[in-house]
Amino acid sequence: WAELDKGADISPMRRNLQREHLKRVTAALTRPSNLPADALSLMRYNAQALQRQLGAAVAKAGQQSVETRAHLADSLGMLTEALRATMQRTG
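I will try to describe carefully the structure that is included in this document.

What counts and what doesn't
- Residues numbered from 1 in each chain as written.
- Predicted model: local features only at pLDDT ≥ 70, side-chain atom pairs only at ≥ 80, totals over all residues.
- Heavy atoms only, no water.
- Helix = DSSP H or I, 4+ residues; strand = E, 2+ residues; numbered from the N terminus.
- Expected span 1.5 Å × (residues − 1).
- Buried < 20%, exposed > 50% of the residue type's maximum accessible area, 1.4 Å probe, protein only.
- Arc of directions from axis to C-beta.
- Axes fitted to C-alpha atoms, helices over the stretch in contact; angles between N-to-C directions.
- Parallel < 35°, antiparallel > 145°, perpendicular 65-115°, else oblique.
- Left-handed = near helix turned anticlockwise from the far one by under 90°.
- Contact = heavy atoms within 4.5 Å.
- Nonpolar A, V, L, I, M, F, W, Y, C, P; charged D, E, K, R; others polar.

1. Considering the environment of Tyr 45
Working step 1: Relative to the helices and strands, Tyr 45 resides in helix H3 (residues 37-59).
Working step 2: Tyr 45 sits 35 residues away from Thr 80 along the chain, and the two C-alpha atoms are 13 Å apart.

2. Description of helix H2 (residues 12-30)
The periodicity of an α-helix, 3.6 residues per turn, causes residues three or four positions apart to be oriented the same way.
Working step 1: The first and last C-alpha atoms of H2 sit 27 Å apart over 19 residues, in line with the 27 Å expected at 1.5 Å per residue.
Working step 2: Along H2, the positions that sit buried rather than exposed are Arg 15, Gln 18, Leu 22, Val 25, Thr 26, Ala 28 and Leu 29. Summarising the axial view, the buried residues of H2 lie within an arc of 160°, below the 170-degree limit, and thus occupy one face. Along H2, exposed side chains directed more than 90 degrees from the buried face belong to Pro 12, Met 13, Leu 17 and Arg 24.

3. Looking at the packing of H2 against H3
Working step 1: Between H2 and H3, the shortest axis-to-axis distance is 10 Å and the interhelical angle comes to 130°. Compared by their axis directions, H2 and H3 come out oblique. H3 is crossed by H2, and the crossing has left-handed handedness. Together, His 21, Leu 22, Val 25, Ala 28 and Leu 29 of H2 and Leu 40, Met 43, Arg 44, Ala 47 and Leu 50 of H3 make up the contact between the two elements.
Working step 2: For the contact of H2 with H3, the residue count by class is eight nonpolar, one polar and one charged.

This is the structure:
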């Protein structure tokens with residue numbers, strides 16, 4: 001996710017790695033697991049930080065390719081849904 005701070009295009013390989021990361025994070029947040037409570041808390045904390053970074057990157061997207069902009073918007077949506085589901089499950 002280093003490209004978020006730079007506002008740079010994200011290569012196809014990096015987008016695939018980032019999608020895989022999001023899949024694993026969203027699965028851990030939305031499915032029952034045997035992870036310790038502290039691990040889940042840290043994962044949720046880091047996911048919320050990434051959500052903020054993605055939101056800022058989507059808001060200032062300008063010179064990036066359409067593929068990068070679409071990837072950022074999709075990633076933000078996926079993470080937002082996972083965090084919302086987690087909050088509903090624990091609330």
